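# Close look at the chain arrangement
As a plain string of letters, each chain reads:
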There are 4 protein chains.
Amino acid sequence: MKKNIAIALTLLSAVCAQAQEKKYPEPEGMRPGMTEFWTPQRKVVTPGDIKTNSAPSDAIVLFDGKNLDAWHNGNGGPAEWIVKNGVVTVDKTKGDIVTRKNFGSFQLHLEWCVPADINGEGQGRGNSGVFLQDKYEVQILDCYKNETYINGMTGSIYKQTPPQVNAMRKPGEWNVYDIIYTAPVFKEDGTYLYRPRVTVIHNGVVLQNNTEILGTTEYIGVPRTVPHGDGPIRLQMHGDPSKGISFRNIWIREMK
Amino acid sequence: MKKNIAIALTLLSAVCAQAQEKKYPEPEGMRPGMTEFWTPQRKVVTPGDIKTNSAPSDAIVLFDGKNLDAWHNGNGGPAEWIVKNGVVTVDKTKGDIVTRKNFGSFQLHLEWCVPADINGEGQGRGNSGVFLQDKYEVQILDCYKNETYINGMTGSIYKQTPPQVNAMRKPGEWNVYDIIYTAPVFKEDGTYLYRPRVTVIHNGVVLQNNTEILGTTEYIGVPRTVPHGDGPIRLQMHGDPSKGISFRNIWIREMK
Amino acid sequence: MKKNIAIALTLLSAVCAQAQEKKYPEPEGMRPGMTEFWTPQRKVVTPGDIKTNSAPSDAIVLFDGKNLDAWHNGNGGPAEWIVKNGVVTVDKTKGDIVTRKNFGSFQLHLEWCVPADINGEGQGRGNSGVFLQDKYEVQILDCYKNETYINGMTGSIYKQTPPQVNAMRKPGEWNVYDIIYTAPVFKEDGTYLYRPRVTVIHNGVVLQNNTEILGTTEYIGVPRTVPHGDGPIRLQMHGDPSKGISFRNIWIREMK
Amino acid sequence: MKKNIAIALTLLSAVCAQAQEKKYPEPEGMRPGMTEFWTPQRKVVTPGDIKTNSAPSDAIVLFDGKNLDAWHNGNGGPAEWIVKNGVVTVDKTKGDIVTRKNFGSFQLHLEWCVPADINGEGQGRGNSGVFLQDKYEVQILDCYKNETYINGMTGSIYKQTPPQVNAMRKPGEWNVYDIIYTAPVFKEDGTYLYRPRVTVIHNGVVLQNNTEILGTTEYIGVPRTVPHGDGPIRLQMHGDPSKGISFRNIWIREMK
């Protein structure tokens, strides 16, 4: 942005050069109260705990450590991953889990952890993913000292946009995702008027800053435009043979 | 977004209606490796502590509890707010404090607290603010059970855009700001090609989601367009007579 | 944009510096047919005449020189401006005229002319305006050798954004407006998710390039956010005493 | 946009429901002169002829029917297409032609015509293209009763975004392109901070409305991000065996 300084100086000197020019009126002066708007007063939200990032008072809790009642198995049946000690762990024989509720734009918090003795490498090491509106995957992978294609790293918009950096914690430590998602708007012909956008913060580090999502996140092929309305959150059971991932403290705030 | 579902159904039925139409080629099939990009590999950042939100390894620490060496008093002289017990507290006789370094786009973390026995009301209660690039103020105010104009609440782009909700903690408790700022781009005539944008997360709750900043945040009058380059972070000493605000754990990550 | 060249060179030299680094896979090669999409085939539109800018085949003709059947007087009654010789001229005793049909996003063509012997000055000289969705005014004024506040010039978003340049033809000559308008999208709380945007081409010269409209175009006060759906086109009868403006060849294409 | 009407009604009823609530201050009233800005006064541009779309006074004329002095052959040598009767026609043995001057953001006008007895079909019928900043192709093709892949039609961002409609004139008739292009801004890592955007009007009909360009327009493969600065306009000599295309009346206005 250095050039802007030059511009500012240029403008200043331009002002000097114009000093002898015709004098134009200034806008009339205002008073402070002219730009103060009191309504509608904002809803009060009690934030969560500063150390544990527990759910704010207006959040929908998707997993509080006790059960998977907010989820189904993708076909409407019960979600059958393993809940134990306040944590849910993928059962690789049971497929994905999907929220029963659909969402538009939202703020999503979730925490995830791969086993300390995780095995495998590349995409075959702690692979999972969180699908926004069941269409757009933010990748989850153990990228701690594990290289892969960068648009398949943790925090990538899968096979689209790589994360800005790699902020992984070690296997066995908990990773935190804070995701802010803005739902797309479609034209009548089914193409995007506005594409979906997402901010991803991983362990307090920005990986995606209001990144435009170009379309569905395909394993094979280019992103596709598929018109859709509200949709659920999906957590992926990935078929790689590495030891399974765990999740805890999942909550979501609707932003309509 | 309900209408999108209708659109999707309309498109499906349109597809049926067109079933007898001319057959067009499909795009040729692809293979997974065609959309996998390996370079440039991402820089590794060691995240901060999960409970204390300490600085990630690539952050510039602006205040770690020990001194104000990263700041000046707005005129190049030493910043003279009071540092004690790992916390810095405004000295209302000493004016604002300003970072010595300038920044473009960034991620900023700071924590702030008004005294448990805070006095005053409206804008006269724990008023301060953080100025991005020394131009655009994200308001700080004790809004706990304290009404004011909504574009002057905590988390407002001051006198522009109110926060989505009110997520204040009680006086005496620490509030956390996570701010993601994208610097503006100017045309040669000094107007915005792209306005600045900001995401503000307060105590883990989104108050601003990539909000466009319309111009400078003026106490009197409409926002102004002032071309500028990189600029510092400024913390405001506000002249209201209420007891002074404190800050801790301030760090920033440059996002170029 | 000069700095981009420097960036490119920097990147090239970075590539050289990295030459000895680890070798990563390249994406697999593709074939041309993989990025060729055949459906849905595009609707054929027969364009208008190259010299007269007559309406394309998919346009709705709002005024073809014969009558004001597509318009009402703002209260549902007949539009009573004066139609003569293929041209409609404001009757300053009859108020605005408003299209009977409502529109979302659109492309609008209209031509306008102030009398060769126009009188008055500043805002009192051939003042009119075209209101998009009945909310957002693109100013019309005789700005030929007639200075005024720049956010009130022809082609300004009235009292918001001035035009890039002044491309007026002389009084007595026809001016052409080509306006591309994208309707806003609102959040559930009535604020903009996406603001309206407009491109204005005046006599073949770009005055506004996808400019964001900040809110309603108020004579007094700052722009306001008023949630709305589709709306009509309104042509303004301005009460200034100067001789009245004329219009011809008005058509609109819906862009849904 | 129908849902917005529902929103407006909802808000109205919400207002009624809140009628008994606490009364908040209104912003202080303003006066008209507070939002009137007089400087900087706008540059006067004399528009071109209303029937021939000749160049406005601030345009750079790239081809006025007389010679190709503003162009080279891509290697710095003379541009050797055939100039005759105010028209330039491709010589398919001579390659592309490229402007000697580089441009950032701009408005470009050009007119093109394929022979009345054009032969060939699909992409092999009057194929050419205009490359913006030498990187991003707006396709030119005889699409009059000639089907092809839609992201390869006239007015497509080649192999990216198809045009909204097909507004071709018959072979032997002149087609008009009005193109408004906004140059990209890059981050320091060479990725887009803001992608390039383009509006394409073909024969007075909007084909692209501030469409984001995703990257370079590749014949083979996905769009690529290549950091660059200002660049020339390139007109393509396409190797298909169909009879050659002609151009006339080419001018450009810089929009910095």
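Residues numbered from 1 in each chain as written. Chains lettered and ligands numbered in written order. Predicted model: local features only at pLDDT ≥ 70, side-chain atom pairs only at ≥ 80, totals over all residues. Heavy atoms only, no water.

## Some thoughts on the overall build of chain A
Here is the rule: Secondary structure counts use DSSP, requiring at least four H or I residues in a row for a helix and at least two E residues in a row for a strand, with both numbered from the N terminus. Each radius of gyration reported is based on C-alpha atoms, and the globular scaling rule is 2.2 Å times the count of residues to the power 0.38. The rule is simple: take the accessible area with a 1.4 Å probe, protein chains only, and divide by the maximum for that residue type; under 20% is buried, over 50% is exposed, in between is partly exposed. Residue contacts are defined here by distance: any two heavy atoms, one from each residue, within 4.5 Å place the two residues in contact. Method for areas: the Shrake-Rupley scheme with a 1.4 Å probe, in which residue coverage is limited to the protein chains shown. Charged residues are defined narrowly, with Lys and Arg counted positive, Asp and Glu counted negative, and His plus the chain ends left uncounted. Note on charges: their place is set at NZ of Lys, CZ of Arg, CG of Asp or CD of Glu.
Within chain A, the secondary structure is distributed over one helix and 15 strands. Taking 256 residues into account, the globule formula puts the C-alpha radius of gyration at 18 Å, and chain A, at 23 Å, lies well above it. With respect to the principal axes defined by its C-alpha atoms, chain A has extents near 80 × 45 × 40 Å. Counting over 256 residues, chain A shows a buried share of 56%. Long-range pairs, those at least 24 residues apart, make up 65% of the contacts in chain A with a sequence separation of at least 6. Summed over all atoms, the accessible surface of chain A reaches about 10400 Å², with 52% contributed by carbon and sulfur. Distance from the positive charge centre (29 side chains) to the negative charge centre (27 side chains) of chain A: 2 Å.

## Looking at the confidence of the model for chain A
Residue and element names in this part refer to chain A. Rules: What pLDDT reports is the predictor's confidence in each residue, on a scale of 0 through 100.
Overall, the prediction assigns chain A a mean pLDDT of 92, with 92% of residues at 70 or greater. Across residues 1–19, confidence stays below pLDDT 50; counting only partners more than four residues off in sequence or on other chains, it has 21 contacts. Here the complex is predicted with pTM 0.92, and the ipTM for its interfaces comes to 0.92.

## Here we look at the interface of chain A and chain C
Quick reminder of the rule: Two parts lose some accessible area (1.4 Å probe) when they are put together, and adding that loss for both gives the buried area. Put simply, a salt bridge is a Lys or Arg side-chain nitrogen that is within 4 Å of an Asp or Glu carboxyl oxygen. Throughout this description, a polar contact denotes any pair of N or O atoms lying within 3.5 Å of each other; where both atoms belong to protein, one of them has to be capable of donating a hydrogen while the other can accept it, and for residues adjacent in sequence the pair is counted only when both atoms sit in side chains.
On the side of chain C, 17 residues touch chain A, which itself brings 17 residues to the contact. Between chain A and chain C, roughly 1600 Å² of surface is buried when both sides are summed, and carbon and sulfur atoms account for 55% of that area. There are two salt bridges connecting chain A and chain C. Here K22 of chain A ties to E147 of chain C by a salt bridge, and the two come within 2.5 Å at their closest N and O atoms. Summed over the shared surface of chain A and chain C, the result is six residue pairs in polar contact (both at pLDDT 80 or more).

## Some words on the pattern of salt bridges
Oppositely charged side chains may form a pair once their charged atoms are brought near each other. Evaluation of the coordinates by the stated rule reveals 64 salt bridges over all chains. Of the charged contacts in the structure, one is a salt bridge between R234 of chain A and D96 of chain A, with a shortest N-O distance of 2.9 Å. Highlighted residues: R234 of chain A in strand 14 (residues 234–235) and D96 of chain A in the loop between strand 4 (87–89) and strand 5 (97–99), separated in sequence by 138 residues. Put simply, D134 of chain C and R234 of chain C hold a salt bridge, and the shortest N to O gap is 2.6 Å. In this pair, D134 of chain C sits in the loop between strand 7 (128–132) and strand 8 (136–140) while R234 of chain C sits in strand 14 (residues 234–235), placing the two residues 100 residues apart along the sequence.

## Some details on the relation of the copies chain A and chain C
Put simply, the test is: Only residues with pLDDT of at least 70 in both copies count here: their C-alpha atoms drive the least-squares fit that superposes the copies.
For the pair chain A and chain C, the best superposition has an RMSD of 0.0 Å and corresponds to a rotation of 180° with a translation of 0.0 Å parallel to the axis. When the rotation and shift are considered jointly, the pair of chain copies conforms to a two-fold rotation axis. Both copies present the same face, since 100% of the interface residues in chain A are matched by interface residues at the equivalent positions in chain C.

## A closer look at the interface of chain D and chain C
Threshold: Each residue gets one label: Ala, Val, Leu, Ile, Met, Phe, Trp, Tyr, Cys and Pro are nonpolar, Asp, Glu, Lys and Arg are charged, and the others, such as Gly, are polar.
The interface is formed by 76 residues belonging to chain D together with 76 residues belonging to chain C. Between chain D and chain C, a total of about 6300 Å² is buried, with carbon and sulfur atoms accounting for 60% of that surface. Where chain D touches chain C, the interface holds two salt bridges. Between E36 of chain C and K159 of chain D there is a salt bridge, and its shortest N-O distance comes to 2.8 Å. For the interface between chain D and chain C, the tally reads 26 residue pairs in polar contact (both at pLDDT 80 or more). The greatest single-element share of the side of chain D that touches chain C, amounting to six residues, is contributed by helix 1 (residues 2–17) of chain D. Residue classes in the side of chain D that touches chain C are distributed as 39 nonpolar, 20 polar and 17 charged.

## Brief notes about the pairing of strand 12 (residues 197–202) of chain A
For a regular strand, side-chain orientation follows a simple rule: the groups alternate between the two sheet faces. Residue and element names in this part refer to chain A. Heads up, the condition is: Two strands pair if DSSP finds at least two bridges between them.
Where burial is concerned, most of strand 12 is hidden: six out of the six residues are buried. With burial as the criterion, each face of strand 12 is covered, one bearing R197, T199 and I201 and the other bearing V198, V200 and H202. Across five bridges, the pairing between strand 12 and strand 13 (residues 205–212) is antiparallel. Each bridged residue has a counterpart across the sheet, and for V198 the counterpart in strand 13 is T211. Connecting strand 12 to the next strand, strand 13, in antiparallel fashion are two residues, including N203 with a positive phi near 55°.

## Description of the sheet that holds strand 5 of chain A
All names here are of chain A. The strand order across the open sheet built from five strands is 2-5-14-7-8, with neighbouring strands paired in antiparallel fashion. At either end of the open sheet lies a strand with only one pairing partner, and these are strand 2 (71–72) and strand 8 (136–140). Summarising the sheet, strand 7 (residues 128–132) and strand 8 pair through five bridges and their orientation is antiparallel. In the sheet register, L132 faces strand 8, and the bridge partner there is Y136.

## Some thoughts on the side chain of E111 of chain A
Residue and element names in this part refer to chain A. Position of E111 relative to the elements: it lies in strand 6 (residues 106–113). A relative accessible area of 3% places E111 in the buried class. A polar atom in the side chain of E111 sits 2.8 Å from the side chain of H109. Within polar-contact distance, the side chain of E111 engages the side chain of R248 at 2.8 Å.

## Points about the domain arrangement of chain A
The condition is simple: For the domain bounds, the source is a domain assignment made automatically or taken from a database.
Each domain of chain A was delimited in the assignment, giving domain 1 (2–31) and domain 2 (60–255). Here the C-alpha centre of domain 2 of chain A lies 50 Å away from the C-alpha centre of domain 1 of chain A.

## Looking at the sheet that holds strand 8 (residues 136–140) of chain D
All names here are of chain D. The strand order across the open sheet formed by five strands is 2-5-14-7-8, and the pairing between neighbours is antiparallel. The sheet is open, and its two borders are formed by strand 2 (71–72) and strand 8, each paired with just one other strand. Sheet topology note: the strand 5 (residues 97–99)/strand 14 (residues 234–235) ladder contains two bridges and is antiparallel. Bridging across to strand 14, V98 finds its partner in R234.

## Let's talk about the packing of aromatic side chains
For the record, the criterion: When the centres of two rings from Phe, Tyr and Trp lie within 6.5 Å, Trp using its six-membered ring, the rings pair. Their planes under 30 degrees apart give stacked, over 60 give edge-to-face, and anything left gives tilted.
All chains considered together, the criterion is met by 38 aromatic pairs over all chains. With 6.4 Å between their ring centres and 50° between their planes, Y149 of chain A and Y158 of chain A make a pair best called tilted. For the pair formed by Y149 of chain A and Y158 of chain A, the shared burial category is buried. For the pair W38 of chain C and Y149 of chain D, a centre-to-centre distance of 6.2 Å together with 70° between the ring planes defines the contact as edge-to-face.

## Description of the environment of I50 of chain A
Relative to the helices and strands, I50 of chain A is located in the loop between helix 1 (2–17) and strand 1 (60–63). When the C-alpha atoms of I50 of chain A and K256 of chain A are compared, they prove to be 25 Å apart, with 206 residues separating the residues in sequence. Setting aside chain neighbours within four positions, we find I50 of chain A in contact with K51, N53, R169, W174, V176 and R248 of chain B.

## With respect to the environment of I157 of chain B
Positionally, I157 of chain B belongs in the loop between strand 8 (136–140) and strand 9 (175–182). Once you skip the residues sitting within four places of it in the chain, I157 of chain B turns out to touch E137, N151, V198, Q208, T211, I213 and T217 of chain B.

## Quick notes on the environment of V88 of chain D
Residues and elements named next belong to chain D. Its location among the elements puts V88 in strand 4 (residues 87–89). Taking the C-alpha atoms as reference, V88 lies 17 Å from I252; in sequence the two are 164 residues apart. If we skip the residues at most four places from it in the chain, V88 touches F63, L68, W81, I82, V83, I245, S246 and F247.

## Quick look at the side chain of R125 of chain A
Within the fold, R125 of chain A resides in the loop between strand 6 and strand 7. If sequence neighbours within four positions are ignored, R125 of chain A has contacts with I118, N119, G120, L141, D142, N146, P171, D240 and S242 of chain A.

## A short note on unusual backbone geometry
Cis geometry is adopted by the peptide bond preceding P40 of chain C, which originates at T39 of chain C and carries an omega value of -10°. Of note, P40 of chain C is situated in the loop between helix 1 (2–17) and strand 1 (60–63). Phi at Q133 of chain A takes a positive value of approximately 55°, unusual for a residue other than glycine. Tracing the chain through its elements places Q133 of chain A in the loop between strand 7 and strand 8. Positive phi values are uncommon outside glycine, yet N210 of chain A reaches one of about 55°. Structurally, the position occupied by N210 of chain A is in strand 13.

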